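Notes for the structure review
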Amino acid sequence: MPHSFGYRAQTRTLFKKDYKTKGHCNTTTYLRTFKRGDYVDIKVDSSVHKGMPFKYYHGRTGVIFNVTKRAVGVEVKKEVNGRVINKRIHVSLPHVKASKCRDELIQRKKDNAAAKAAAKAGGEKVSLKRLPRQPKVGYFLARDQEPETIQPTPYVDLV
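In what follows, the accompanying structure is described.

About the criteria used
Residues numbered from 1 in each chain as written. Predicted model: local features only at pLDDT ≥ 70, side-chain atom pairs only at ≥ 80, totals over all residues. Heavy atoms only, no water. Helix = DSSP H or I, 4+ residues; strand = E, 2+ residues; numbered from the N terminus. Pairing = 2+ DSSP bridges. Axes fitted to C-alpha atoms, helices over the stretch in contact; angles between N-to-C directions.

Let's shift gears to unusual backbone geometry. A positive phi is found at Q10, a non-glycine position, where the angle reads about 60°. In this model, N81 sits at a positive phi of 55°, which is unusual for a non-glycine residue. When you line up the elements, N81 lands in the loop between β3 (71–80) and β4 (83–92).

Encoded structure:
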């Protein structure tokens, strides 16, 4: 059988829904609010055909640049012939979910602001830079008993 090159070619497993989630999506999916500048993950919901993005964009993260009644415009980076292009696509709401890619950054900013305020109140300097994992602190092992020397048992051929 010849290979097919249709618009949804080879998406049998790519667009497959999770276990026990078949059927239409919930109403809350359509009631989610998105604003310009929000980071979103594009994840195709195969039960909704309208506003479905092309399969390349499935699993990509982008920034919202436009909001309409039933869809959002998402700007996604795409590599074409060795250069990166900003692609602007409009995607229906069931195929978009809020991304968690900036949660760690936002939390780190809050923690740094709190640490900075505490240091200012205490009058000391604090380093807010991220550091790689440091080596473990050295210590001396207390020896309670004399170490016991263990010898291997000699090999005995029983034949």
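After presenting the structure, the write-up continues.
Turning our attention to the pairing of β4. Here β3 runs beside β4; their pairing, made up of 10 bridges, is antiparallel. Note that in β4 the partner of K77 across the bridge is N86. Count of turn residues in the β3/β4 antiparallel hairpin: 2 residues, of which N81 carries a positive phi of about 55°.

Once that is clear, we can look at the sheet that holds β4. On the basis of which strands lie adjacent, the open sheet formed by 5 strands has the order β4-β3-β2-β1-β5 and antiparallel pairing. One side of each edge strand has no neighbouring strand; the edge strands of this open sheet are β4 and β5 (96–98). Averaged over all pairs of adjacent strands, the angle between strand axes in this sheet comes to 45°, irrespective of strand direction.

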